[in-house]
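The lines below spell out each chain.
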Amino acid sequence: MIIIGIAGGSGAGKTTVARTVAERLGEENVVYISQDWYYKDRSHLSLEEREKLNLDHPNAFDSKLLIAHLKQLRQGHPIEVPHYNFSTQSRTTKTMHLEPKSVAILEGILVLAITEVRSLIDFKIFVDAEPDIRLIRRIERDIRERNSTYEKTVKRYLTTVKPMHDAFIEPSKIFADIIVPRGGENEIATDMLAEFVEHYTVHHSGGTTTNNENNLAETQ
Ligand SMILES: Nc1ncnc2c1ncn2[C@@H]1O[C@H](COP(=O)(O)OP(=O)(O)O)[C@@H](O)[C@H]1O
Ligand SMILES: O=c1ccn([C@@H]2O[C@H](COP(=O)(O)O)[C@@H](O)[C@H]2O)c(=O)[nH]1
């Protein structure tokens, strides 16, 4: 199994790129994982306390669980991923069963910034977009999909999203093998990415196998 990591700022277009590449490769060949699912559970805190949390720092994530899951998939074992509710900022009791496939796409703001996560990634992608574009998309999406308001989203952006972006996300760009400019709008980059992964998977893992013998890291 090869692991593709897609990092970039909030609203850059990571999910859009990840979903497009997954579609191109065929859902039967790809297991899609979002780092967002691994936000730590905050249900023990009051809503007021949860609203003040820094959700853009590496410590906000249960990276230990994410790393364990990536290793399990690599060894050909299925995983049960947690379900995170953005509206309540806590984990629900639901989980989702994921089977190993020949390609895993891991997408999230800090997948290249957290050393132990990054070290498990074979192809490192950074999706780039201008800060104003990311902010506009973030405001629209948080109001539409994440039960937020304009005021709450802007406050969070200024207090944690932007400073953490500058401190952790932007500096992680240096670890990328490929930087995709203009986020989700860049069809040519997405096509090239899918083409390359397809070619690499076929030549290095014999197609849809999932066991550890075909681990890209071991073939290099
Ligand atoms: N090219 C685009 N044009 C307009 N809206 C876009 C484009 N790409 C992404 N979006 C929208 O912007 C928001 C953030 O995109 P998304 O792919 O979820 O980014 P990320 O995963 O990096 O936060 C989503 O609501 C998405 O539909
Ligand atoms: O409960 C939460 C948890 C996280 N966030 C914000 O989400 C983004 C990361 O997700 P993207 O899909 O990459 O935008 C991060 O900036 C957090 O601030 C949230 O709003 N609520």
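Relevant structure appears above.
Residues numbered from 1 in each chain as written. Chains lettered and ligands numbered in written order. Predicted model: local features only at pLDDT ≥ 70, side-chain atom pairs only at ≥ 80, totals over all residues.

A. The arrangement of the overall build of the protein in detail. Looking only at helices and strands, the protein has eight helices and seven strands in total. The globule rule puts the C-alpha radius of gyration for 220 residues at 17 Å, and the 17 Å found for the protein is close to it. With the C-alpha coordinates of the protein rotated into their principal frame, the extents come out at 50 × 35 × 30 Å. Put simply, the protein has 220 residues, and 36% of those count as buried. In the protein, 77% of the contacts between residues at least 6 apart in sequence involve partners at least 24 apart. (Helix = DSSP H or I, 4+ residues; strand = E, 2+ residues; numbered from the N terminus. Rg over C-alpha atoms; globule rule 2.2 N^0.38 Å. Buried ≥ 20, exposed ≤ 12 C-beta atoms within 10 Å, placed from the backbone. Contact = placed C-beta atoms within 7 Å.)

B. Region of the structure containing the site of ligand 1. The environment of ligand 1 is made up of 13 residues, and the closest members are Lys14, Thr15, Thr16, Arg137 and Gly184. Listing elements by their share of the shell around ligand 1, those giving two or more residues are helix H1 (14-25) and helix H5 (131-145). If one sorts the elements of the shell around ligand 1 by residue count, H1 sits on top with three residues. Residues belonging to the shell around ligand 1 are distributed by class as follows: one nonpolar, eight polar and four charged. (Near = placed C-beta within 6 Å. Nonpolar A, V, L, I, M, F, W, Y, C, P; charged D, E, K, R; others polar.)

C. Highlighting the nonpolar core. Ranked by size, the top nonpolar core spans 47 residues in total, and within it Ile4, Val103, Ala104 and Ile105 carry the most contacts. In this structure, Ala104 is in contact with Met1, Ile3, Val31, Ile33 and Leu73, ignoring residues within four places of it in sequence. (Core = buried A, V, L, I, M, F, W, Y, C linked by C-beta atoms within 7 Å.)

D. Geometry of the pairing of strand S5 (residues 103-107). Burial within S5 is extensive, with five of its five residues counted as buried. On S5, burial covers both faces: Val103, Ile105 and Glu107 on one face and Ala104 and Leu106 on the other are all buried. Inspection of the sheet shows strand S1 (residues 2-7) paired to S5 by five bridges, in the parallel sense. Opposite Ile6, over in S5, you have Glu107 as the bridge partner. Summarising the sheet, strand S2 (residues 30-34) and S5 pair through five bridges and their orientation is parallel. From the neighbouring strand, Tyr32 faces S5, where its bridge partner is Ile105. (Pairing = 2+ DSSP bridges.)

E. Local environment of the sheet that holds S2. Ordered in space as S2-S5-S1-S6-S7, the five strands form an open sheet in which the pairing is parallel. Pairing within the sheet leaves two strands with one partner each, and these edge strands are S2 and strand S7 (178-180). Geometrically, the sheet is characterised by an average inter-axis angle of 20° between neighbouring strands, direction not taken into account. Relative to strand S6 (residues 123-127), S1 runs parallel, the two sharing four bridges. (Axes fitted to C-alpha atoms, helices over the stretch in contact; angles between N-to-C directions.)

F. Region of the structure containing the pairing of S1. Along S1, six of the six residues are buried, which leaves the element largely enclosed by surrounding structure. Residue alternation in S1 divides its side chains into two sets, Ile2, Ile4 and Ile6 and Ile3, Gly5 and Ala7, and both sets are buried.

G. Spotlight on helix H3 (residues 63-74). Look at H3: 16 Å from first C-alpha to last across 12 residues, which is about the 16 Å you get at 1.5 Å a residue. Taken as a whole, H3 has its buried residues at Leu66, His69, Leu70, Leu73 and Arg74. On an axial view of H3, the arc spanned by its buried residues comes to 140°, and they lie on one face. Turned more than 90 degrees away from the buried face of H3, the exposed residues are Lys64 and Ala68. Structurally, H3 contributes buried residues whose contacts are with S1, S2, strand S3 (79-85), S5 and helix H4 (115-118). Just downstream of H3 lies Gly76, where phi reads positive at about 85°. (Expected span 1.5 Å × (residues − 1). Arc of directions from axis to C-beta.)

H. Layout of the environment of Tyr32. Along the chain, the position of Tyr32 falls in strand S2. Note on Tyr32: 17 C-beta atoms within 10 Å, which makes it partly exposed. As for Tyr32 and Ile114, which are separated by 82 residues in sequence, their C-alpha atoms are 19 Å apart. Ignoring anything within four residues of it in the chain, the contact list for Tyr32 reads Ala18, Ala22 and Ile105.

Everything listed here is a matter of coordinates, which is why it stays silent on function.
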